[in-house]
Amino acid sequence: MNTTKPPAQRRKTTTQEAEAVVHALRTHQVDAIVGERDVSFVRLKQVELELESSRDELRILATRLESQRESERAEVAREIHDELGQSLTSLQLGLAWLTYTVTLTPPVRAKLASMSALVRTTIRSVKQVAVRLRPGVLDELGLVKTLRSEAKAFTEHTGVQCRFETNLRNVACHRAGSLAVFRIVQAALTNVARHAQASSAVIGLMKRRNDLVVTVKDNGRGIAKTLVAKPGACGVIGMRERALTLDGTLALAGSRGKGTTLTVRIPLSRVLITRGATSAS
Amino acid sequence: MPHAGRRPAAIHAHRAPRTGARAKTESAANGSETYAFRLFVAGSEPNSTTARHNLTRLCEQYLPGRHRIDIVDVFESAALALKHHVLVTPTLIVLKPRLGVTLLGNLSETRQVLATLRLNGHGR
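On a predicted model such as this, the values are computed, not experimentally measured, just so you know. (Residues numbered from 1 in each chain as written. Chains lettered and ligands numbered in written order. Predicted model: local features only at pLDDT ≥ 70, side-chain atom pairs only at ≥ 80, totals over all residues.)

## Focus: the confidence of the model for chain A
Residue and element names in this part refer to chain A. Applied cut-off: pLDDT measures the predictor's confidence residue by residue and takes values from 0 up to 100. Throughout, a residue-residue contact means that the two C-beta atoms, derived from backbone geometry, are no farther apart than 7 Å.
Across chain A, pLDDT averages 82, with 89% of residues at or above 70. Scored below 50 in pLDDT, residues 1-6 shows 14 contacts in the model against residues more than four places distant or in partner chains. With pLDDT under 50 throughout, residues 275-281 is counted as low confidence; its partners more than four residues away or in other chains account for 15 contacts.

## Quick word on the sheet that holds strand E7 (residues 211-218) of chain A
Residues and elements named next belong to chain A. Operational definition: Pairing between strands is defined by DSSP: at least two bridges between them are needed. Each helix corresponds to a stretch of at least 4 residues labelled H or I by DSSP, and each strand to a stretch of at least 2 residues labelled E; elements are numbered beginning at the N terminus. Angles shown run from 0 to 180 degrees and are taken between the N-to-C directions of axes, each axis being a line fitted to C-alpha atoms and, for helices, limited to the stretch in contact.
Spatially, five strands are ordered E4-E6-E7-E9-E8 in an open sheet, and the strand pairing comes out mixed. With partners counted over all chains shown, the strands left at the sheet margins are strand E4 (161-166) and strand E8 (249-254), one partner each. Averaged over all pairs of adjacent strands, the angle between strand axes in this sheet comes to 10°, irrespective of strand direction. Here E7 runs beside strand E9 (residues 260-267); their pairing, made up of seven bridges, is antiparallel. Its bridge partner being in E9, threonine 215 is matched across the sheet by threonine 263. Sheet strands in contact with helix H5 (residues 143-158) are E4 and strand E6 (200-208), and its direction is about 165° off that of E4. Running over the sheet, helix H8 (residues 236-245) touches E8 and E9 and is turned about 145° from E8.

## A word on the pairing of E4(A)
All names here are of chain A. What counts, and what does not: Three classes are used. A residue is buried when 20 or more other C-beta atoms lie within 10 Å of its own, exposed when 12 or fewer do, and partly exposed in between, with C-beta atoms placed from the backbone.
The alternating pattern of E4 places Cys162, Phe164 and Thr166 on a buried face, while none of Gln161, Arg163 and Glu165, on the opposite face, is buried. Here six bridges tie E4 to E6, and the two strands are oriented parallel to one another. When the bridges of E6 are listed, glutamine 161 appears paired with serine 200.

## Thoughts on the nonpolar core
Most often, soluble globular proteins have nonpolar side chains that are buried together. Under the convention used in this document: A set of buried Ala, Val, Leu, Ile, Met, Phe, Trp, Tyr and Cys residues, joined through C-beta atoms within 7 Å, is what we mean by a nonpolar core.
Of all hydrophobic cores here, the largest spans 39 residues; its most connected members are Leu147(A), Val181(A), Ile184(A), Val185(A), Ala188(A), Ile203(A) and Val216(A). Taken together, the elements giving at least two residues each to this core come down to H5, E4, helix H6 (175-196), E6, E7, H8, E8 and E9 of chain A. If one sorts the elements of this core by residue count, H6(A) sits on top with ten residues. What Ile203(A) contacts, discounting residues up to four positions off in sequence, is Leu147(A), Ala151(A), Cys162(A), Phe164(A), Val185(A) and Val216(A). Ranked by size, the runner-up nonpolar core spans 36 residues in total, among them Val39(A), Val74(B), Ala81(B) and Val88(B).

## A few points about the sheet that holds strand E1 (residues 35-41) of chain B
Sheets are built from strands that pair by backbone hydrogen bonding, the pairs being arranged parallel or antiparallel. Residue and element names in this part refer to chain B. With mixed pairing, the four strands of this open sheet are ordered in space as E2-E1-E4-E5. Both edges of this open sheet fall to strand E2 (67-73) and strand E5 (102-104), since each of them pairs with a single strand only. Between one strand and the next, the sheet's axes are offset by a mean angle of 20°, whatever the strand orientation. Pairing of E1 with E2, which is carried by seven bridges, proceeds in the parallel orientation. Along E2, the bridge assignment pairs phenylalanine 37 with isoleucine 69. Together, E1, E2 and strand E4 (91-96) form the strand contacts of helix H2 (residues 46-62), whose direction differs from that of E1 by roughly 170°.

## Section: unusual backbone geometry
Across the junction of Thr89(B) and Pro90(B), the peptide omega takes the value -5°, indicating a cis bond. Within the secondary structure, Pro90(B) sits in the loop between strand E3 (88-89) and E4. Look at the link from Lys96(B) to Pro97(B): it is a cis peptide, with omega at -10°. By secondary structure assignment, the location of Pro97(B) is in the loop between E4 and E5. Of note in this structure, Arg209(A) is not a glycine but carries a positive phi near 50°. By the secondary structure assignment, Arg209(A) is in the loop between E6 and E7. Note on Arg209(A): 6 C-beta atoms within 10 Å, which makes it exposed.

## Description of H8(A)
Helical geometry: 3.6 residues make up each α-helical turn, so side chains three or four residues apart lie on a common side. All names here are of chain A. Rules: The directions from the helix axis to the C-beta atoms form the arc being described.
Among all positions of H8, only Val236, Met239, Arg242 and Ala243 are buried. All buried residues of H8 fall inside an arc of 130° around its axis, so they share one side. The inward-facing, buried residues of H8 abut H6, E8 and E9. Immediately downstream of H8, the backbone of aspartate 247 shows phi near 60°, a positive value.

## Some thoughts on the environment of Thr166(A)
Residues and elements named next belong to chain A. Checked against the element boundaries, threonine 166 lands in strand E4. The exposure class assigned to threonine 166 is buried, which follows from the 21 C-beta atoms found within 10 Å. With 18 residues separating them along the chain, threonine 166 and arginine 148 place their C-alpha atoms 9.3 Å apart.

## Digging into the packing of H5(A) against H6(A)
Residues and elements named next belong to chain A. Selection rule: Relative orientations are named as follows: roughly parallel for angles under 35 degrees, roughly antiparallel for angles over 145 degrees, roughly perpendicular for angles from 65 to 115 degrees, and oblique for any other angle. Handedness of a crossing is defined here by the sense of rotation of the near helix relative to the far one, left-handed for an anticlockwise turn of less than a right angle and right-handed for a clockwise turn. Classes in brief: Ala, Val, Leu, Ile, Met, Phe, Trp, Tyr, Cys and Pro nonpolar; Asp, Glu, Lys and Arg charged; the others, Gly included, polar.
At their nearest, the axes of H5 and H6 sit 11 Å apart, and the two run at 15° to each other. The angle between H5 and H6 falls in the class roughly parallel. Where H5 crosses over H6, the two elements pack in a sense that is right-handed. Here H5 contributes Leu143, Thr146, Leu147, Glu150, Phe154 and Thr158 to the contact with H6, which in turn contributes Ser178, Val181, Phe182, Val185, Gln186, Leu189 and Ala193. Across the contact of H5 with H6, the residue classes break down as eight nonpolar, four polar and one charged.

## Examining the confidence of the model for chain B
All names here are of chain B. Here chain B averages 77 in pLDDT, and 72% of its residues register 70 or above. The model gives residues 1-29 a pLDDT under 50, and that stretch makes 78 contacts with residues more than four places away or in other chains. For this predicted complex, the interface confidence score (ipTM) comes to 0.70, while the overall pTM stands at 0.51.

This is the structure in structure tokens:
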């Protein structure tokens, strides 16, 4: 805003002039309004439009990047499973062969047994990594069973008791929709494990009118309000972008000592192919 | 190509031609008179810049060698803007010939601008 002191008084504006000005304002062709005391910029609408357009571009870019990342993940998962998994299995078979065909001294036998155990553990880890990279179970079992399985795996890996609740059963989901929901839950659970210091967590997948409401709730120390407002905190941007690609919303709430709740609301049609029958969890 | 803004242009002739200006109007239409414009802009804001480009282009195309453009930045000459009853920028006032019209907006609607300036029959 630029303040000036005009010497002259303005004459009365005619209706025709006023209409013309209103029209020019409505069609966003005005830069500034010249007042008797100052000149005011008219940029809000333009900035708003530019911002919206920029957001749309970013969203499209994020969707493309995500799709690319999913393909790469699938590729890496396949490589890990096929190549590394095969090699480790061969190694395990080799160790077993040595144990049973060669006469070994007790210390060597013990060492071989220990190596064999290590290889078994590594095979298990490789499988877990492959599954995490590419949740094949999502295609095989569907979203509900995958989330149930994820809750169980989370409890086993972290020791944090994780429960899964839903009022959906036997629902068919769009691949992109279910994958987005799964990734959001996965990211939220990672946050619980890393930051929450919680002893229990609950994953919710509920049908509420025309929306699918996904929640991840924990009883930990609670996210600080400053972190909720911070856009880059705790992978919230990624989760929000995933929700936005499905026309959904994401909310994060927490209070000190009372845990954190992540709520994602997505239109049912963006995730479910057919409306599932509701039932108790 | 017109130097277009983000939105369709809005051109408004909001002062009816005065009776005394009629003879001049006829003279303008015969394609011989020099045009004098005063364009009120707000610094280098998008619509002001667009209006400036569009006016220059139209003058070079339809009024070669017989136009004068006076650019007034309202941030520097608010008093002049008030004197000319300028309410918003960009605003184009036709000083000569006395057509009695004022154009608001970024002048992207070439056809409308030309019609308002009585230049629609004089393109090169």
